Each structure stands twice: as C-alpha cells, then as structure tokens.
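Each chain, letter by letter, is given below.
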Amino acid sequence: MLNNKNIILGITGSIAAYKAADIASKLTQAGAKVDVVMTEPATKFITPLTLRGITGRAVVADMFDPASQHSIEHIALVEAADVMVIAPATASIIAKMAVGIADDMVSLTVLATRAPVMVAPAMDVDMFANPVTRENLARLKARGFIIVDPGYGRMASGKVGWGRLADVDKIMAAIEGVVGGSADLAGKRLVVTAGGTREYIDPVRYIGNPSSGKMGYALAEAARDRGAKVTLITASSLPEPEGVTVVPVETAAQMKQAVTKAVAKADALLMAAAVADYQSRTVARSKIKKDSPGLTLELVRTPDILGEVRGKFLRVGFAAESDNIITNAKKKLAKKKLDLIVANDITDKKSGFGVDTNKVTLLAKKGKAESLPLMSKREVADKILDRVVGMLGKKK
Ligand code: CTP
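Please read these numbers as outputs of a predicted model, since none were measured by experiment.

Caption draft 1: Spotlight on the overall build of the protein chain. Tallying secondary structure elements over the protein chain gives 14 helices and 22 strands in all. Relative to a compact globule of 396 residues, whose C-alpha radius of gyration would be 21 Å, the protein chain shows 24 Å and is just as compact. Projecting the C-alpha coordinates of the protein chain onto the three principal axes gives extents of approximately 75 × 55 × 35 Å. Across the 396 residues in the protein chain, those meeting the buried criterion constitute 48%.

Structural data, given as structure tokens:
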C-alpha cells in the first residue's frame, strides 16, 4: 500500500546511516517514490551515489547545490510528500528540529514540508539518555512528530543500552501506518494472541517453547494500522506496540481466561500464540531442591483455547507443522471449527520461531489452499488480514 507514495527520506550522520539504504530499498520495492536528502556528515557514512542507485532518483546533500533549494523540482517534492522520514536521526538533528534551525538539507526540508514527519533516533546511550535530548524529543512529539523509539542493544561504542536505530521492519511498519493506511478494519474488534505460554513446575521453573511472539505482534500492529481496535493477549516479552490494548499473561490457563473475556465483543480471534499443550499436574509452592537423582513430572493437558472458546466471532488458528503440513492443517481447521488456518513449516530456518520472516499456506473452510512465498511477518500479517476483511464482509 506504499505504491506511488511520495516519501522523503532524510539521513543524518550516525553510524546507523547504512541502514537507511535498506529502508530506501524496501520503500522503493514497495512502489514508493523515495527522495533522499542527506546532511553532509551522513555522506561520510554512506554515499549519495548508493542511495541514488537504490531509489533511481536524485539525492540532495548540498544546500548550495542548484538542484536543491531553488529548483522547482525540489520544492515540488517537498510539497508532494506524503511523509518525511528521518532515519537515522542524530541528537543534533533532533535539537535543530526542536528549535527550527535550518542549516542543512535535512533540517531545511523539515521546516519547509507540510507532510507528517517521522523521526527514528539513533545515537549513543548517554546522548539518548541526556535530559536535553529527552526534552527535545518530547517537544517534537508534542508538535505532532512521530517518534519511532530506538531499540535496546549493543552500540558501536561497546556500551549497551537504548539508542540503537529501531529495526528497519518497525520503521517500515510505522511508515505504512502513516501513509499506507487503508482503514478496511475500521470499527472492527480483533483479539490477537502471541508468544509461547509458560507452564510452571515451581516458582522459578517452567515448561516453555521458543515462540518469540513476533507473528502475533505483527498481526496486532497491522490490524491497528488498518483501523481495528486490537486486544493483544501476550505471553511474549516483546515491547508493547502503541495503540493496542495489551494483556500480559503467562500460562495457557491465564490466556484462556483473558481470551474468553476479550472475545465477548470481538469480531475475530486470531490465535498466533504457541500455547503449551501440557502443564505439570502440580505446581510446587517452593523451589524444588535437587536432592534426588531424578525428577518425574506428571503432565496433564492444558485447556485447548481455540477448541473451547466459542462464539460468533471469526476464528483464525495457526498450525506449526514439521511434516504433512497441508493434511495436518486441514485436520486442525475442521477439528477446531476454524474459518481460516495459517500453516507454517517450522523446519524451514527462515520461517516460524524467532525470525522476522515466515512462509505460510492459508487454508480456509472453502476454497483452495494459498501458498505464499517467504515474506516478512508484517507482510504475512497483512495477507491474513486481507482474508479476515473478506470473511467479515461476508458475515454481515
Ligand atoms: N491452541 C490453543 N490452545 C492450546 C493449543 C493450541 O488455542 N492448548 C491454538 C494455537 O494458538 C494455534 C492452534 O491452536 O492457533 C494450533 O492447534 P493445535 O492442534 O493445538 O496445534 P499444535 O499444538 O501444533 O498441535 P500438535 O502438537 O498436535 O500438532
């Protein structure tokens, strides 16, 4: 849905500038017209030539370049922009924008454009934590700038903390949210589950699985961007998405309780969570001591949430399979009385647990199976929601 959108990508001088090439590439591949403006320091990290090669359009880095300020073309691009994205945004550009300084191509374009401006900060931990940076960001936020919060991790300096440029997928999703939005789920209530449940053995140990929750979060964010009211019931520790009601849970039993409550008013339930199938029959009150050579656990079934929670809402399930994918998924579709099942091959390294991509097959009650190519979880989410929109339309 970024097709034919006009996007100005402002790049400033951070070590993360190289990631802007990835953003430019993804936007261009999605059909957007990407016009890059850069500060002079940014050109030390990544060349305008690279960006020109990726976007196929002129790149402006020099304020005194005749192609920049005065050319009709450049003014036209500023006026036609659907969004301006500054990624990475240094502490310096954030400070300039906060007070309205316009002495480089990026700050100047920000001041000139009437398009929404999105800022993805990237800087060292201490610079990000500095009260002046916090204050400047708060000012920008108050003025309607969209801030894509940085991530936590290891910096080029070796320090660990907040300040890393947000994941490219997160930035892409934010852009999509601003300009790509077809509000085809407006007024709809969706309940999405995510993550792997933890079934406790004692207060400090549990049986778990490696589900990251990324697929469920991608669904929740995509549904939000399409106008839905989303409740995300999550057993994952991923950061909470904005604009979504988040209900944290740990066990299958807690998830069932939260789902039962949330679906009462819902139009659809999408169960992306990897719910543990078994739990320990008893949960020790205090930590189990290793005073015997072995430990036998008796496991009993957890509630089958999707199987047991019934109602008028649309039901979408997931099937993580390692073999006979389609046959197994079809069985689950029928057994759990689902409207749609999303089957994925967990033996494929690029698909399933933990990664940002997924390769799935969609199977509905009626119609042929649709096998999708490998794509980002966000793209998979939109494909699933396309089906949900279609089915909700028919239900009316
Ligand atoms: N599910 C659920 N409650 C459970 C287990 C799974 O709601 N206790 C949901 C999952 O969120 C998913 C779908 O059911 O949407 C998966 O179906 P299931 O038959 O449970 O799949 P597996 O757990 O993969 O089954 P199996 O291990 O038998 O292949």
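Caption draft 2: Structural detail: the sheet that holds strand β12 (residues 229-234). The strand order across the open sheet built from eight strands is β13-β12-β9-β14-β17-β18-β20-β21, with neighbouring strands paired in mixed fashion. Each of the sheet's edge strands pairs with one partner strand only, and the pair in question is β13 (245-248) and β21 (370-371). Against the sheet, helix α13 (residues 325-335) touches β17 (314-321), β18 (340-345) and β20 (360-364), its axis set at about 150° to β18.

Caption draft 3: Local environment of unusual backbone geometry. Cis peptide bonds are those with omega within 30 degrees of zero, and the linkage from Ala-87 to Pro-88 qualifies with 0°. In this fold, Pro-88 is placed in strand β4 (residues 83-89). Unusually for a residue other than glycine, Asn-324 sits at a positive phi of about 45°. With respect to the secondary-structure elements, Asn-324 resides in the loop between β17 and α13. Residue classification places Asn-324 among the exposed positions, given a relative accessible area of 56%. Despite not being glycine, Lys-337 has its phi angle at roughly 50°, a positive value. Judged by its relative accessible area of 55%, Lys-337 is exposed.

Caption draft 4: Structural context of the packing of aromatic side chains. Tallying each qualifying case throughout the model produces two aromatic pairs. With a centroid separation of 5.2 Å and an interplanar angle of 70°, the aromatic rings of Tyr-152 and Trp-162 are classed as edge-to-face. A residue pair is termed long-range when its members are at least 10 positions apart, and Tyr-152 in strand β7 (residues 151-154) and Trp-162 in strand β8 (residues 160-164) qualify at ten residues. With 5.6 Å between their ring centres and 65° between their planes, Tyr-200 and Tyr-206 make a pair best called edge-to-face. Positioned above the aromatic ring of Phe-128 is the side chain of Arg-134, whose terminal nitrogen or guanidinium carbon lies 4.4 Å from the ring centre. A cation over an aromatic ring shows up here: Arg-301 above the ring of Tyr-278, its NZ or CZ 5.9 Å from the ring centre.

Caption draft 5: Representation of the environment of Glu-308 within the structure. By the secondary structure assignment, Glu-308 is in helix α12 (residues 305-308). Between the alpha carbons of Glu-308 and Asn-344 there is a distance of 23 Å; along the sequence they are 36 residues apart. Ignoring anything within four residues of it in the chain, the contact list for Glu-308 reads Lys-256 and Pro-303. Polar contacts involving the side chain of Glu-308 include one to the side chain of Lys-256, which spans 2.7 Å.

Caption draft 6: Representation of the site of the ligand in the model. Near the ligand, the surroundings consist of 14 residues, among which Met-271, Ala-273, Pro-303, Leu-306 and Phe-318 are the closest. Between an oxygen atom of the ligand and a main-chain N or O atom of Leu-306, the distance comes to 2.8 Å. Within the side chain of Lys-332, an N or O atom sits 3.0 Å from an oxygen atom of the ligand. Coverage of the ligand by the protein amounts to 76% of the 570 Å² it exposes when considered alone. Looking at the shell around the ligand, the elements with two or more residues in it are α12 and β17.

Caption draft 7: Molecular detail of the packing of helix α1 (residues 18-29) against helix α9 (residues 168-180). Where α1 contacts α9, the two axes come as close as 10 Å, and the packing angle between them is 45°. Looking at the two axes, α1 sits oblique to α9. When you trace α1 past α9, the crossing you get is right-handed. Contacts between α1 and α9 pair Lys-19, Asp-22, Ile-23, Lys-26 and Leu-27 from the former with Val-168, Asp-169, Ile-171, Met-172 and Ile-175 from the latter.

Caption draft 8: View of a nonpolar patch on the surface. The grouping of Tyr-278, Leu-295, Leu-297 and Leu-299 at the surface amounts to a nonpolar patch, some 380 Å² of accessible area in total. Inspection of the secondary structure puts Leu-295 in the loop between β15 (278-280) and β16 (299-301). Assessed through its relative accessible area of 58%, Leu-295 is described here as exposed.

Caption draft 9: Molecular detail of the environment of Lys-377. Along the chain, Lys-377 turns up in helix α14 (residues 377-395). Residue classification places Lys-377 among the buried residues on the basis of a relative accessible area of 6%. C-alpha of Lys-377 to C-alpha of Leu-238: the two residues are 139 residues apart in sequence and 15 Å apart in space.

Caption draft 10: Inspection of the nonpolar core at higher detail. Within the largest apolar cluster, 35 residues are counted, with the highest numbers of intra-cluster contacts made by Leu-190, Leu-219, Leu-270, Ile-384, Leu-385 and Val-388. For this core, the secondary-structure elements that each account for two or more residues are β9 (189-194), α10 (214-225), β12, β14 (268-271), β17, β18, β20 and α14. Ala-42, Leu-51, Ala-87 and Met-172 belong to the second largest nonpolar core, which has 33 residues in total.

Caption draft 11: Expanded view of the pairing of β7. Note: β7 against β8, four bridges, orientation antiparallel. Within the sheet, the bridge partner assigned to Gly-151 lies in β8 and is Arg-164. What sits between the antiparallel neighbours β7 and β8 is a turn of five residues, in which Gly-158 has the positive phi angle 100°.

Caption draft 12: The pairing of β18, seen in detail. Along β18, five of the six residues are buried, which leaves the element largely enclosed by surrounding structure. In the sheet, β17 pairs with β18 via six bridges, with the strands oriented parallel. Looking at β18, one finds that Glu-321 is bridged to Asp-345. In terms of handedness, the path from β17 via α13 over to β18 forms a crossover that is right-handed. In this sheet, β20 lies alongside β18 in antiparallel orientation, the contact comprising five bridges. Paired with Leu-340 across the strands is Ala-364, a residue of β20.

About the criteria used
Position numbers for residues start from 1 in each chain and track the written sequence from start to end. Only residues with pLDDT of at least 70 get local features here, since the model is predicted, and only at 80 or more are side-chain atom pairs given and counted; chain-wide, interface and lining totals rely on the full set of residues. Each side-chain value is worked out from all heavy atoms of the structure, with water and hydrogens disregarded. Helical segments are the DSSP runs of H or I of at least four residues, strand segments are the runs of E of at least two, and each set is numbered from the N terminus. Radius of gyration: over C-alpha atoms. The globule rule applied is 2.2 Å multiplied by the number of residues raised to the 0.38 power. Each residue is placed in one exposure class: buried if its accessible area under a 1.4 Å probe, protein chains only, is under 20% of its type's maximum, exposed if it is over 50%, and partly exposed if it falls in between. Should DSSP find at least two bridges between two strands, the strands are regarded as paired. Here, two residues are considered to be in contact whenever any of their heavy atoms come within 4.5 Å of each other. To get an axis, a line is fitted to the C-alpha atoms, and for a helix only the part in contact is used. The angle between two axes follows their N-to-C directions and goes from 0 to 180 degrees. Between rings of Phe, Tyr and Trp, where Trp is taken as its six-membered ring, a pair exists when centres lie within 6.5 Å; planes separated by under 30 degrees are stacked, by over 60 edge-to-face, and by other angles tilted. To sit over a ring, a charge needs its Lys NZ or Arg CZ within 6 Å of the ring centre and within 35 degrees of the ring normal. The definition of a polar contact used here is a pair of N or O atoms within 3.5 Å, where within protein one atom must be able to donate a hydrogen and the other to accept one, and adjacent residues in sequence count solely through side-chain atom pairs. A single heavy atom is enough: if one lies within 4 Å of a molecule or strand, its residue is considered near that molecule or strand. Here the accessible surface of atoms and residues is derived via Shrake-Rupley with a 1.4 Å probe, and residues count as covered only by protein chains that are part of the display. Orientation categories follow fixed angle ranges, with anything under 35 degrees roughly parallel, anything over 145 roughly antiparallel, 65 to 115 roughly perpendicular, and all other angles oblique. For any helix crossing, the convention is left-handed if the near helix is rotated counterclockwise from the far helix by under a right angle, and right-handed if that rotation is clockwise. Each patch is built from salt-bridge-free residues with over 30% relative accessible area, joining like charges within 9 Å and nonpolar side chains (Val, Leu, Ile, Met, Phe, Trp, Tyr) within 5 Å. Salt bridges are counted wherever a side-chain nitrogen of Lys or Arg sits within 4 Å of a carboxyl oxygen of Asp or Glu. Throughout this description, the term nonpolar core refers to a set of buried Ala, Val, Leu, Ile, Met, Phe, Trp, Tyr and Cys residues connected via side-chain atoms within 4.5 Å. Handedness is read with the strands pointing away from the viewer; a crossover is right-handed when the path from the first strand over the helix to the second is clockwise.

What is shown is where atoms sit, not what they do.
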